[in-house]
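# Commentary on secondary and tertiary structure
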There are 2 protein chains.
Amino acid sequence: MEDVLRSLGFLCLGSRLKRIGEQLQADTQRLLDCLDVPVQSSQYPLLAALDRLGPLPVGELAQSLGITQPGVTRSVSLLSDLGLVEVTQSDGDQRRRMVSLTKSGRSLVDLAKRDVWPRIESAVADLCRDLSGPLLAQLAAIEDGLAAAPLDRRVEKGTAQ
Amino acid sequence: MEDVLRSLGFLCLGSRLKRIGEQLQADTQRLLDCLDVPVQSSQYPLLAALDRLGPLPVGELAQSLGITQPGVTRSVSLLSDLGLVEVTQSDGDQRRRMVSLTKSGRSLVDLAKRDVWPRIESAVADLCRDLSGPLLAQLAAIEDGLAAAPLDRRVEKGTAQ
DNA sequence: TCGCAAACTATAACATGTTATATAACGGGG
DNA sequence: CCCCGTTATATAACATGTTATAGTTTGCGA
C-alpha cells in the first residue's frame, strides 16, 4: 500500500512531521509506561522547562515551549492536579501566576533526569544515527527505522554502551 | 527566551516535530484561506490519496495515510457533509464502505493540483532549499526560516521562477 | 449448516493543539 | 484620581489525533 504522505514529498510536509512526531511520542509513552511514571510524555517538555529555567509565569512558559498560552494553562492545571507543579501569586503583579515544581515534581524530574531521559535520548539518537542527506530522505529513514525497531527496542541497546 | 524544545535536542524530538508540523499546516492554511478553498489543510492528504489511488475502503485509506481508522471515519464524514466525497457499498462485501471523490471533490482536487499545490510545494521546497547536515540542524533551520518568512511570503517568490 | 472468531467500520472518551473571547489587574494621561 | 487601553490568564469552542469498544458481516470449521 503506497504511503501517500511520503509520495507527496514537500506538499504535505507538515502532516508528515506531525505523524512522525506522534509516533515518537507514542513510543516514548510506552517506555514511560514500563518505568511506571505517572505523566504523559507530552507533559515532559513543560516539566523540563521549569527544571531548566526555574519558576515562570504562564506566558513565558508558553513562549519557551513554543505553544500557545491556553495550552500551557491547561497543562499546568493538569499537572497541578497531579501535585507536580504549583501556582503562586507572590509576585508584585497580581495578574501573573508563577508556576513552579513542587517537591514531588522536583523528585520526578530528578529521577527522570537520572534514569529515564538519558535512555530516551540515547534511543532517539540511535534512531537518528548516521542520518545524512536531504530532509525527506532523513524523514523516510526515521519512519523506516521506527517501523523496524520502535524506540522501546532501542533502549537496551542504547544503555549498553 | 530559551527555546526549551530546541535545547533538549533528541529528548523531545517528537514534540518538536509536531510543533514544526503544526506551524507548517497553519501557514498552509493561511495560504488556502487567501485562495478561498473550503477545506482545512489537514484534509488534503485524504483527498490526495483518493486522487492518486482511486476509490478506497476506509481501512485502506487509513493505511495509505498512516493514521488510524477512526480518524479516517471522522474525516470522511466531514468531507461527505461538505459534498466532496461519497460513501458507497456497491462492493460484494457489505462491511466495506468505499470512499470516492464526488464530482465536486474531483473539481476541487483538479483545481488544487493545477493552482494551489504547486505553489505550496514550491514554498516548502524554498524553505527547505540548501538544507543539509544533521537532522537537528535542519529542523532548526526550518524553524528559523519559518520565523523569518512564513510560507505565505514564500509563495510569490516560488512561483516567480 | 450452524456457530463463532475474525474483519470492517462506527462510536465514545480522551489528549492536546488551536483561535476567539471573557475577565481581572496594571498603569499612564486627562 | 479616575478612566481606559494594554497585559496576563482563563475559558469556550473547535480540530484532529489517539485507544478502547460496540455492532455488523463474513466465512471457516466442526
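Nothing here was measured: the structure is a model prediction, and the numbers come from that model.

### Side note on the protein's contact with DNA strand C
- Neighbouring DNA strand C are 23 residues, the closest being Ser42, Thr68 and Arg74 of chain A together with Gln69 and Arg97 of chain B.
- Expressed as a percentage, the sugar and phosphate content of the atoms of DNA strand C within 4 Å of the protein is 57%.
- Note that a phosphate oxygen of DNA strand C is positioned 3.4 Å from one of the backbone N or O atoms of Gly92 of chain A.
- A distance of 2.7 Å separates a phosphate oxygen of DNA strand C from a polar backbone atom of Gly59 of chain B.
- Those elements giving two or more residues to the surface near DNA strand C turn out to be α5 (69-81) of chain A together with α4 (58-65) and α5 (69-81) of chain B.
- A per-element tally of the surface near DNA strand C places α5 of chain A first, with 4 residues.
- When the residues that make up the surface near DNA strand C are grouped by side-chain class, the tally is 5 nonpolar, 11 polar and 7 charged.

### Some points on the packing of aromatic side chains
All names here are of chain A.
- This structure, assessed with the given rule, holds 2 aromatic pairs over all chains.
- When the ring of Tyr44 is compared with that of Trp117, the centres are 5.8 Å apart and the planes differ by 85°; the resulting orientation is edge-to-face. Of the two residues, Tyr44 is situated in helix α3 (residues 44-53) and Trp117 in helix α6 (residues 103-128); the sequence distance between them amounts to 73 residues.

### Some remarks on the pairing of strand β3 (residues 98-101) of chain A
Residues and elements named next belong to chain A.
- Of the two faces of β3, the one lined by Met98 and Ser100 and the one lined by Val99 and Leu101 are each fully buried.
- Where strand β1 (residues 56-57) lies against β3, 2 bridges are found, and the strand directions are antiparallel. Following the sheet pairing, Pro57 is matched in β3 by Met98.
- Examined bridge by bridge, strand β2 (residues 85-88) and β3 share 4 bridges and lie antiparallel to one another. In the strand pairing of β3, Glu86 is matched with Ser100.

### Things to note about the UniProt feature "domain: HTH marR-type" (unreviewed entry) in chain A
- Under the local residue numbering, the UniProt record ascribes the feature "domain: HTH marR-type" (unreviewed entry) to residues 10-148 of chain A.
- In this annotation, residues 10-148 of chain A is assigned 68% helix and 7% strand; the end-to-end C-alpha distance for the span is 24 Å.

### Brief notes about the nonpolar core
- Counting 96 residues, the largest nonpolar core has Tyr44, Leu61 and Trp117 of chain A together with Tyr44, Leu61 and Trp117 of chain B as the members making the most contacts within it.
- Leave out the neighbours within four places in its chain, and Leu61 of chain A touches Leu46, Ala49, Leu50, Leu56, Val72, Val76 and Val99 of chain A.

### A few points about the sheet that holds β2 of chain A
Residue and element names in this part refer to chain A.
- In spatial order, the strands read β1-β3-β2; together these 3 strands make up an open sheet with antiparallel pairing. What marks the edges here is a single partner per strand, and that holds for β1 and β2.
- Docked against the sheet, α3 engages β1, β2 and β3, running at close to 90° with respect to β3.

### Topic: the protein's contact with DNA strand D
- Taken together, 23 residues surround DNA strand D, and among them Gln69 and Arg97 of chain A together with Ser42, Thr68 and Arg74 of chain B come closest.
- Take the atoms of DNA strand D that sit within 4 Å of the protein: sugar and phosphate atoms are 56% of them.
- Val58 of chain A has a polar backbone atom sitting 3.4 Å from a phosphate oxygen of DNA strand D.
- Contacts to DNA strand D include Gln43 of chain B, whose side-chain N or O atom sits 3.1 Å from a phosphate oxygen.
- The element contributing the most residues to the surface near DNA strand D is α5 of chain B, with 4 residues.
- Counted by class, the surface near DNA strand D contains 5 nonpolar, 11 polar and 7 charged residues.

Procedures and definitions
Residues numbered from 1 in each chain as written. Chains lettered and ligands numbered in written order. Predicted model: local features only at pLDDT ≥ 70, side-chain atom pairs only at ≥ 80, totals over all residues. Heavy atoms only, no water. Near = heavy atom within 4 Å. Polar contact = N/O pair within 3.5 Å; in protein donor to acceptor, adjacent residues only side chain to side chain. Helix = DSSP H or I, 4+ residues; strand = E, 2+ residues; numbered from the N terminus. Nonpolar A, V, L, I, M, F, W, Y, C, P; charged D, E, K, R; others polar. Phe/Tyr/Trp six-rings, centres within 6.5 Å; stacked < 30°, edge-to-face > 60°. Buried < 20%, exposed > 50% of the residue type's maximum accessible area, 1.4 Å probe, protein only. Pairing = 2+ DSSP bridges. UniProt positions renumbered as here; feature names shortened; annotations may be inferred. Core = buried A, V, L, I, M, F, W, Y, C linked by side-chain atoms within 4.5 Å. Contact = heavy atoms within 4.5 Å. Axes fitted to C-alpha atoms, helices over the stretch in contact; angles between N-to-C directions.

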